[in-house]
Amino acid sequence: MNTAAETKPPKRSLDGSAPFTMPEIEERLLKVLALPPAQINKESVEKAFEVVLEGEDNTFYENTSDLPPTAFLLEVLTPRPAGRIFEYNMFLRRKNEEGKELLIETPREIPEAYKSPYLPFVQKLESFGWQHKGLNSDAGNHSSYFMKDGFLLVVHIDNYQYGVNGQPDHAQTRISRIVINAPIKR
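Because the structure is predicted, anything quoted here is derived from the model rather than measured.

Participant: Help me understand the pairing of strand β2 (residues 69–76) in this model?
Facilitator: With seven of eight residues buried, β2 lies mostly within the body of the structure. Once strand β1 (residues 59–66) ends, the chain turns through two residues before running back antiparallel as β2. Pairing between β2 and strand β3 (residues 84–95): seven bridges, direction antiparallel. From the neighbouring strand, Glu-75 faces β3, where its bridge partner is Glu-87.

What follows is the structure in structure tokens.
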């Protein structure tokens, strides 16, 4: 006998159903990131998120809240040398002077409730075999780098600070974007 969950069709972009909550997004992201990187593709992301990726860039887009106006986007691109193969991004939705909606991806502007806490997320990444390779901070844009099987995973973070002893203080650090790049083929 099939349950309702087993027969429910996958979500499509902006289908009007209840949006994913942040815990659901984080749970599904971790399912994707637990896979061997070479297996992160359209089919595996669709299965983990229970969505349909559509269009040329295999995307899924969903508004997560109207107050404040936020959204998230998944993209699974066809692998190419050193190119992105997977991207997750949170956005703040705004309207310009003409009333056209813009998506703002500046991490500091996205409300904290729509970002994942850094340290517990990264600890899970490391348990999946992603090895931390460094941090780059440049004028408020912070990136934490991880490697696995030659693939580069970049976690874009905000509010990154150092403690009094010069060690990273992750207490207020949040994640708003994750990108996986394919290995460089020579």
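What follows picks up the thread again.
Participant: Hey, could you run me through the layout of surface pockets in this one?
Facilitator: Empty space among the atoms becomes visible once a probe the size of a water molecule is rolled across them. When its volume is computed, the largest pocket comes out at roughly 240 Å³. Contributing to the lining of the largest pocket are 15 residues, with Lys-8, Lys-11, Phe-20, Arg-28 and Glu-50 lying nearest its centre. Its residues assigned to classes, the lining of the largest pocket shows seven nonpolar, two polar and six charged.

Participant: Teacher, can you tell me more about the packing of helix α2 (residues 22–33) against helix α3 (residues 42–49) here?
Facilitator: Between two packed helices, the angle of one axis relative to the other and the distance separating the axes together describe the packing. Running from N to C, α2 and α3 point in directions that differ by 145°, and their axes come no closer than 9 Å. Between α2 and α3 lies a crossing of right-handed hand. Touching Ile-25, Arg-28, Leu-29, Lys-31 and Val-32 of α2 are Val-45, Ala-48 and Phe-49, all from α3. Across the contact of α2 with α3, the residue classes tally to six nonpolar, no polar and two charged.

Participant: Got a minute to help me understand the pairing of strand β8 (residues 151–158) in this structure?
Facilitator: Here is the key point about a regular strand: its side chains alternate between the two faces of the sheet. With seven of eight residues buried, β8 lies mostly within the body of the structure. Note: strand β7 (residues 141–148) against β8, seven bridges, orientation antiparallel. Across the sheet, Lys-148 pairs through a bridge with Phe-151, a residue of β8. Where β7 folds back onto β8 in an antiparallel hairpin, the turn is made up of two residues, including Asp-149, whose phi is positive at roughly 55°.

What counts and what doesn't
Along each chain, numbering runs from 1 in the same order as the chain's sequence is written. Only residues with pLDDT of at least 70 get local features here, since the model is predicted, and only at 80 or more are side-chain atom pairs given and counted; chain-wide, interface and lining totals rely on the full set of residues. Only heavy atoms go into the side-chain values, all of them from the structure, while hydrogens and water stay out. Three exposure classes are used, based on accessible area relative to the maximum for each residue type with a 1.4 Å probe and protein chains only: buried under 20%, partly exposed in between, and exposed over 50%. Each helix is a run of H or I in the DSSP string that is no shorter than four residues. Each strand is a run of E no shorter than two, and both are numbered from the N terminus. In short, DSSP must find at least two bridges between two strands for them to pair. Every definition here rests on a 1 Å grid over the protein atoms only: cavities are sets of points where a 1.4 Å probe fits but cannot get out, pockets are open sets enclosed by protein on both sides within 12 Å along at least five of seven lines, and lining residues have some atom within 4 Å of a point. Grid points are joined across faces, edges and corners, and a volume is the space filled by probe spheres set on the points. Here the term charged refers only to Asp, Glu, Lys and Arg, the term nonpolar to Ala, Val, Leu, Ile, Met, Phe, Trp, Tyr, Cys and Pro, and the term polar to all other amino acids, Gly among them. To get an axis, a line is fitted to the C-alpha atoms, and for a helix only the part in contact is used. The angle between two axes follows their N-to-C directions and goes from 0 to 180 degrees. A clockwise turn of the near helix away from the far one marks a right-handed crossing, whereas an anticlockwise turn of less than a right angle marks a left-handed crossing. Working rule for contacts: check all heavy atoms of both residues, and any pair within 4.5 Å makes them a contact.

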